[in-house]
Amino acid sequence: MKSNPQDNQNLLFNLACRGLKYFLLSLLGLTIAFILSGVFDFTWMMRLLESPIFWVWLARIAISLFCLFAIAIVTESWN
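The structure contained in this document is the topic of the report that follows. Please read these numbers as outputs of a predicted model, since none were measured by experiment.

## As for the environment of Cys-17
Checked against the element boundaries, Cys-17 lands in helix H1 (residues 5–39). According to the relative accessible area criterion, Cys-17 is partly exposed, its value standing at 33%. Counting along the chain gives 52 residues from Cys-17 to Phe-69, while the straight-line C-alpha distance between them is 8.0 Å.

This is the structure in structure tokens:
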């Protein structure tokens, strides 16, 4: 089975889309955990969700996904 160069570019875009999907699902889960920890007074979970290192890693993941999308868009429009 032959693969054309277009398949590789679509593969990168599909990878970026899948990464965005799971990133948004994890944000939804974190939102639910944040709400439930406030309602049921889970102070240990509130401290974890409000820690600066947690938000730094979350921002790093978001920036990496943005860069992956930018690379996929550039390679898609190159041809």
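## A word on unusual backbone geometry
Here the phi dihedral of Asp-41 falls at roughly 60°; this positive angle occurs in a residue that is not glycine. Locating Asp-41 in the fold gives a position in the loop between H1 and helix H2 (43–49).

## Things to note about the packing of aromatic side chains
Scanning all chains against the criterion turns up four aromatic pairs. With a centroid separation of 5.9 Å and an interplanar angle of 80°, the aromatic rings of Phe-13 and Phe-69 are classed as edge-to-face. Of the two residues, Phe-13 is situated in helix H1 and Phe-69 in helix H3 (residues 52–78); the sequence distance between them amounts to 56 residues. Judged by centre distance (6.4 Å) and plane angle (40°), the ring pair of Phe-42 and Trp-44 falls under tilted. Through a chain of ring-to-ring contacts, three or more aromatic side chains come together here, namely Phe-40, Phe-42 and Trp-44.

## Describing the side chain of Ser-37
In this structure, Ser-37 sits in helix H1. Relative accessible area serves as the criterion here: at 1%, Ser-37 is assigned to the buried category. Beyond its immediate sequence surroundings of up to four residues, Ser-37 is in contact with Phe-42, Met-45, Met-46 and Leu-49.

Procedures and definitions
- Each chain carries its own residue numbering, running from 1 in the direction its sequence is written.
- Whole-chain, interface and lining totals are the exception, using all residues; otherwise, since this is a predicted model, local features are given only for residues with pLDDT of at least 70 and side-chain atom pairs are given and counted only at 80 or more.
- Water and hydrogen atoms play no part in the side-chain values, which are based on all heavy atoms of the structure.
- Counting from the N terminus, the helices are the DSSP runs of H or I reaching at least four residues and the strands are the DSSP runs of E reaching at least two.
- Relative accessible area decides the class of each residue, using a 1.4 Å probe on protein chains only: under 20% of the type maximum gives buried, over 50% gives exposed, and in between gives partly exposed.
- Two aromatic rings from Phe, Tyr or Trp, using only the six-membered ring of Trp, form a pair when their centres are within 6.5 Å; if the ring planes differ by under 30 degrees the pair is stacked, by over 60 it is edge-to-face, and anything between is tilted.
- Here, two residues are considered to be in contact whenever any of their heavy atoms come within 4.5 Å of each other.

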